[in-house]
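# Descriptive analysis of the structure
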Amino acid sequence: MKNILVFGGNGFLGHYLVHELINRGYNVTVADLIDKKEYGDYISFIKCDILNREEVANVFNESKFDIIYNFAGFANLDDAIKFPLKTMQLNVIGNMYILEECVKHNISNFIYASSAYAMSNKGSYYGISKLASEKIIEEYHEKHNLPFIILRYGSVYSERPYDNNYVYNVVKSAVIDNKIEHGGSGEELREYIHASDAAKLSVDVIESDDFNNLHVILTGTERMKRSDLFNMINEIMNNKVEITYNKSGYSNHYKFTPYSFAPSVSKKLIANPHIDMGQGLLECVRFVHDNEK
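Residues numbered from 1 in each chain as written. Predicted model: local features only at pLDDT ≥ 70, side-chain atom pairs only at ≥ 80, totals over all residues. Heavy atoms only, no water.

All right, on to the overall build of the protein chain then. Of regular secondary structure, the protein chain possesses nine helices and 13 strands. Relative to its length of 293 residues, the protein chain is compact, with a C-alpha radius of gyration of 19 Å against a globular reference of 19 Å. Taken along the three principal axes of its C-alpha coordinates, the protein chain extends 55 × 45 × 35 Å. Classification of the 293 residues of the protein chain by burial places 50% in the buried group. Across the protein chain, the fraction of contacts at a sequence separation of at least 24, relative to all contacts at a separation of at least 6, is 78%. Accessible area of the protein chain: about 13400 Å², with a carbon and sulfur share of 48%. (Helix = DSSP H or I, 4+ residues; strand = E, 2+ residues; numbered from the N terminus. Rg over C-alpha atoms; globule rule 2.2 N^0.38 Å. Buried < 20%, exposed > 50% of the residue type's maximum accessible area, 1.4 Å probe, protein only. Contact = heavy atoms within 4.5 Å. Areas by Shrake-Rupley, 256 points an atom, 1.4 Å probe, with all protein chains shown as cover.)

Here it is, written out as structure tokens:
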């Protein structure tokens, strides 16, 4: 079975990806700043800061890897706006350090966690960093024949607490404070996908030749307004939640679609079967209630 290295394997999406890889029998190594020790003996762990070029090189010298996933870097749009330099360093320069080692070690496939904001004129520095990395990956393929798959994630959620898990954080506010405060109008549309479904699709792409050197959009089947999401949470909470809107505070997020120009052609994958949105929200509520209230 192939040896797979996951940068950022202890992050929000990385957690689900690593579990899916383990479940399918891959030999997995996680490179991250923090070892959460939640995988036991099922993986190898290497501490690594992707901004330290020597540490990145040392990771590749630890073993012979077939496939590399890069899920490391800034994943929170609002944090990226606050820290533009750090965003570019992590999402662009850190990614290039990994790409350099992929070329040196003849990696058979490089999988990059991008974002729907790479296709948008919204997203500020975060979207710019993702688009820049996509273009750099394409250039490494052109110049060095490095195989790649770029995964553009949409609105991913789950019941696990992470700062970039938007739905969880909304649920947490509803359960603990009985409030949901939204910076937009509530008319914004999103296609939510549970992180476990996104992880399954993220592994599916390496088990088929259909996605070689392509951009793949990973979103859910449940398209809804933010206001509908809030109302669903409110119903689950027996209509005890106060929902407020600030229509002027959502300028860096897209409203209806991330598409702002004609990027590289993408394929779209939809999880089937998938975790129902209501069920996923209920799990979020249950986790917050049991662990944080």
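One simple way to see leftover space: roll a probe sized like a water molecule over the atoms. In total, this model carries one cavity of 30 Å³ or more according to the counting rule given. In this structure, the largest cavity encloses a volume near 50 Å³. Considering the residues around the largest cavity, the lining is formed by Tyr157, Tyr192, Ile193, His194, Asp197, Gly220, Thr221, Glu222, Ala271, His274 and Ile275. (1 Å grid on protein atoms, 1.4 Å probe; cavity = no way out; pocket = protein on both sides within 12 Å on 5 of 7 lines; lining within 4 Å. Points joined across faces, edges and corners; volume = space filled by probe spheres on them.)

All right, on to the packing of helix 6 (residues 166-177) against helix 9 (residues 277-291) then. Where helix 6 contacts helix 9, the two axes come as close as 9 Å, and the packing angle between them is 55°. Here helix 6 lies oblique to helix 9, going by the angle between them. Along this stretch, helix 6 crosses helix 9, giving a crossing that reads as right-handed. Along its contact with helix 6, which presents Val167, Tyr168, Val171, Lys172, Val175 and Ile176, the element helix 9 presents Leu281, Cys284, Val285, Phe287, Val288 and His289. Across the contact of helix 6 with helix 9, the residue classes tally to 10 nonpolar, one polar and one charged. (Axes fitted to C-alpha atoms, helices over the stretch in contact; angles between N-to-C directions. Parallel < 35°, antiparallel > 145°, perpendicular 65-115°, else oblique. Left-handed = near helix turned anticlockwise from the far one by under 90°. Nonpolar A, V, L, I, M, F, W, Y, C, P; charged D, E, K, R; others polar.)

Between helix 1 (residues 12-23) and helix 7 (residues 195-204), the least distance of the axes is 8 Å, while the angle of their chain directions is 55°. Regarding the angle of helix 1 to helix 7, the classification is oblique. In the packing of helix 1 onto helix 7, the handedness of the crossing is right-handed. Here Phe12, Leu13, Tyr16, Leu17, Glu20 and Leu21 of helix 1 lie close against helix 7, whose contacting residues are Ala195, Ser196, Ala198, Ala199, Lys200, Ser202 and Val203.

Glancing now at the packing of aromatic side chains. Summed over all chains, the structure comprises 10 aromatic pairs. Here Tyr168 and Phe287 contribute two aromatic rings whose centre-to-centre distance is 6.1 Å and whose plane-to-plane angle is 65°, an arrangement assigned as edge-to-face. Of the two residues, Tyr168 sits in helix 6 while Phe287 sits in helix 9, which places them 119 residues apart along the sequence. Exposure remark for Phe287: the relative accessible area of 28% places this residue in the partly exposed category. Each ring, one from Phe230 and one from Tyr245, has its centre 6.1 Å from the other, and the planes form 40°; the classification is tilted. One end of the pair, Phe230, is in helix 8 (residues 226-236); the other, Tyr245, is in strand 12 (residues 242-245), and 15 residues separate them in sequence. (Phe/Tyr/Trp six-rings, centres within 6.5 Å; stacked < 30°, edge-to-face > 60°.)

Here we come to the environment of Gly278. Note on placement: Gly278 falls in helix 9. For Gly278, a relative accessible area of 23% corresponds to the partly exposed category. For the pair Gly278 and Ile233, spaced 45 residues apart in the sequence, the C-alpha separation amounts to 8.6 Å. Beyond its immediate sequence surroundings of up to four residues, Gly278 is in contact with Met232 and Ile236.

With that settled, consider the side chain of Glu191. Positionally, Glu191 belongs in strand 9 (residues 189-194). Within polar-contact distance, the side chain of Glu191 engages the side chain of Thr219 at 3.2 Å. Once you skip the residues sitting within four places of it in the chain, Glu191 turns out to touch Ser155, Thr219, Gly220, Glu222, Arg223 and Lys268. (Polar contact = N/O pair within 3.5 Å; in protein donor to acceptor, adjacent residues only side chain to side chain.)

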